[in-house]
Amino acid sequence: MRVLVVTAVPAERDAVTRAFGDGPDGGPGTTVLRVPGAELHRAGPFDVLAAGAGPAAAAAATAFGLASGPYGLVVSAGIGGGFAPAAPVGSLVVASGIVAADLGAETPDGFVPVTGLGFGRDRFTPPPARVRDVAAATGALAAEILTVSTVTGTADRAAALLAAHPGAAAEAMEGFGVAEAAARVGTPALEIRAVSNAVGPRDRDAWRIGDALAALTEAFGKLVPVLEGWTHHDRNDS
């Protein structure tokens, strides 16, 4: 099974490919493939692209990447904010639900999600068995990951998000866009985040981006045997 991995920025992309060793293109077994609309870094079973920040860029780049397939799985991956105390800095979260937390409308009575307006969708549910496998292999917490277009910067906003989504453990900016593009072609999607900072007031001195990128590298190194097991299982079921 070949897997398309979508990150926001090159540093996250390189953290994924680094799981296969260092080298001029991200690793000795890493090759760069240029396709319309995307640059894929191939390392082991993963084709990794840096899509840009936000759900729109993520959806567009994922669609171009999928067009170069076929792929059996898409993974939105990178660093993100963690809701304390569930997801401390340095920990991993794998999404049990990928939720568009700010897609909707503000009203006098508060925020109404897009589904409450009578159209669209605001969440995807990744395959539960695969979420469990990733959590077991990497030590990640399985919980909802929120997709936001505006990163949280205050304690009040963090509290409001948790009140609306009590099952959430992390937030990032791309997961829902990746999942939307994958769903259009019937490809399952996962989201994995390494926590670099706490969701809430922006304290850059407390961010641990390097530690989070290292955790991301370690996680993808542990995913290869899991992926091989899925491939074997899928072949036996076919």
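You'll find the structure just up there.
Residues numbered from 1 in each chain as written. Predicted model: local features only at pLDDT ≥ 70, side-chain atom pairs only at ≥ 80, totals over all residues. Heavy atoms only, no water.

Before going further, it helps to examine the pattern of salt bridges. Pairing of side chains with opposite charge becomes possible as their charged atoms draw close. Under the criterion given, the structure shown has 11 salt bridges. One salt bridge connects glutamate 39 with arginine 34, and the closest N-O pair in it is separated by 3.3 Å. Here arginine 193 and glutamate 174 are joined by a salt bridge, their closest N and O atoms 3.4 Å apart. Of the two residues, arginine 193 is situated in strand β12 (residues 189–198) and glutamate 174 in the loop between β11 (168–172) and α5 (175–184); the sequence distance between them amounts to 19 residues. (Salt bridge = Lys/Arg side-chain N within 4 Å of Asp/Glu carboxyl O. Helix = DSSP H or I, 4+ residues; strand = E, 2+ residues; numbered from the N terminus.)

It is worth spelling out the packing of aromatic side chains at this point. This model, assessed by the stated rule, comprises three aromatic pairs. Measuring from centroid to centroid gives 5.1 Å for phenylalanine 124 and phenylalanine 176, while their planes differ by 45°, and the two rings are tilted. Pair noted here: phenylalanine 124 is in strand β9 (residues 123–124) and phenylalanine 176 is in helix α5, with a separation of 52 residues, a long-range link. Phenylalanine 176 matches phenylalanine 124 in its accessibility class, with the two residues each being buried. An aromatic cluster is defined as three or more aromatic residues linked by ring pairs; in this entry it consists of Phe20, Phe46 and Phe220. Seen from the ring of tryptophan 230, arginine 130 lies directly overhead, with NZ or CZ sitting 4.8 Å from the centre. (Phe/Tyr/Trp six-rings, centres within 6.5 Å; stacked < 30°, edge-to-face > 60°. Buried < 20%, exposed > 50% of the residue type's maximum accessible area, 1.4 Å probe, protein only. Lys NZ or Arg CZ within 6 Å of the ring centre and 35° of its normal.)

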